[in-house]
Amino acid sequence: MSKGSGMPTAGDPAPRVALRLLGGFQLLHDDVPVVVPRGLQRVIALIGLRPAATRSHLAGLLWPETPEERALSSLRTALWRLRQDPCCPLRADGDTIRLGPTVHLDTDELVETVTRVRAGAAPRGATGAGRHDLLPGWYEDWVLLERERLRQLRLHMLEELAGNHLAAGRHGEALEAALEAMAAEPLRETPHRLVVRIHLAEGNAFEAVHSFYVYRDLLLRELRLEPSPAMTALLDDTLAPIRRASRPDPPPPAARPAAAPRPRGGARPSPPPSMPRGTP
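Just so we're clear, the structure is a prediction, and the values are computed from it rather than from any experiment.

### Here we look at the overall build of the protein
And then number 1: Tallying secondary structure elements over the protein gives 10 helices and seven strands in all.
And then number 2: With 280 residues in all, the protein has 35% of them scored as buried.
And then number 3: Carbon and sulfur atoms make up 54% of the accessible area of the protein, which totals about 17,400 Å².

Below is the structure:
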């Protein structure tokens, strides 16, 4: 590894180290990018995402098709190469390898934001937290699993944030968070439902109905599905007058002929006598 400028000396203060994994791998020392070979990037990224993993577990994830002894040997070689560089962000702790205590990891920032929103807070910049995918272009199993975990964390955080803002009457902030969640997953119903609720809370019936039908058309086109009953129920009161006005009036019931009166005593009337044959 090497920095884009001069290396720190023994008298320099400890550098500020940042490891960014959202949107792509980047290691920074005092805001200066450090050039890291791709093979060592994998080691650093995995250790950042799995800080409590043992060496055997790390080796198995990094070299899944390799026998254990050979995988452990490859891990030892990679760690030796990293330790030769003063910019190495790793620290050994018994059988585990972790990031150094001063290393700032952007995925930790996202998880911290999620925790604060769950506690009812509305941290500044929460809607933009975790906007980029974890290590795009990396397709190892451990990356895919962690990418989906962080994606789901962010989606639920944005939806909860929108709900918190809506409950507090902050409709603009609520709409911003809901639209951010919608952009992250356009077919997911929850943010669309939040958008409809926010418009209704503001008294914007047109915007609510428009948002509903935009999502309904998208869902029909992409998945051949209809919105859930829960979403349709949001607009029942708003659409009820429209549905009543567009429904044709039923025809009036046809008049029935008056029935012949029955004779007293309950006896049925006798049928009229038939004409004898041959009668003109």
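### Focus: the layout of surface pockets
And then number 1: Reported here for the largest pocket is a volume of approximately 270 Å³.
And then number 2: Considering the residues around the largest pocket, the lining is formed by 16 residues, among which E109, L110, T113, A129 and G130 are closest to the centre.
And then number 3: Taken together, the residues of the lining of the largest pocket break down into five nonpolar, five polar and six charged.
And then number 4: Looking at the lining of the second largest pocket, the elements with two or more residues in it are α1 (38-49), β6 (96-99), β7 (103-105), α4 (106-118) and α5 (141-167).
And then number 5: A per-class count over the lining of the second largest pocket returns eight nonpolar, two polar and four charged.

### As for the pattern of salt bridges
And then number 1: Evaluated as defined, the whole model comprises 13 salt bridges.
And then number 2: Here E140 makes a salt bridge to R42, at a shortest N to O gap of 3.1 Å. Of this pair, E140 sits in the loop between α4 and α5 while R42 sits in helix α1, and the two are 98 residues apart along the sequence.
And then number 3: We classify E140 as partly exposed; its relative accessible area is 21%.

### Some thoughts on the environment of L175
And then number 1: Relative to the assigned elements, L175 resides in helix α6 (residues 171-184).
And then number 2: Distance in space between the C-alpha atoms of L175 and P191 is 9.3 Å, their sequence separation being 16 residues.
And then number 3: With near-sequence residues (within four places) excluded, L175 lies in contact with V195, I198 and H199.

### Structural notes on the pairing of strand β2 (residues 17-20)
And then number 1: Two strands pair when backbone bridges link them, and β2 and strand β3 (residues 26-29) are joined in this way by four bridges, in the antiparallel orientation. The residue of β3 that forms the bridge with A18 is L28.
And then number 2: Joining the antiparallel neighbours β2 and β3 is a turn of five residues, in which G23 adopts a positive phi near 90°.
And then number 3: Relative to β7, β2 runs parallel, the two sharing three bridges. Bridge pairing in β7 places A18 opposite H104.

### What to know about unusual backbone geometry
Glycine aside, residues mostly have negative phi, and peptide bonds are mostly found in the trans state.
And then number 1: One non-glycine residue, L135, adopts positive backbone phi at about 40°.
And then number 2: For L135, the position within the fold is in the loop between α4 and α5.
And then number 3: The backbone phi angle of R224 is positive, close to 60°, even though this residue is not glycine.
And then number 4: Tracing the chain through its elements places R224 in the loop between α8 (205-223) and α9 (229-234).
And then number 5: Under the relative-accessibility criterion, R224 is labelled exposed at 74%.

Conventions and cut-offs
- Residues numbered from 1 in each chain as written.
- Predicted model: local features only at pLDDT ≥ 70, side-chain atom pairs only at ≥ 80, totals over all residues.
- Heavy atoms only, no water.
- Helix = DSSP H or I, 4+ residues; strand = E, 2+ residues; numbered from the N terminus.
- Buried < 20%, exposed > 50% of the residue type's maximum accessible area, 1.4 Å probe, protein only.
- Areas by Shrake-Rupley, 256 points an atom, 1.4 Å probe, with all protein chains shown as cover.
- 1 Å grid on protein atoms, 1.4 Å probe; cavity = no way out; pocket = protein on both sides within 12 Å on 5 of 7 lines; lining within 4 Å.
- Points joined across faces, edges and corners; volume = space filled by probe spheres on them.
- Nonpolar A, V, L, I, M, F, W, Y, C, P; charged D, E, K, R; others polar.
- Salt bridge = Lys/Arg side-chain N within 4 Å of Asp/Glu carboxyl O.
- Contact = heavy atoms within 4.5 Å.
- Pairing = 2+ DSSP bridges.

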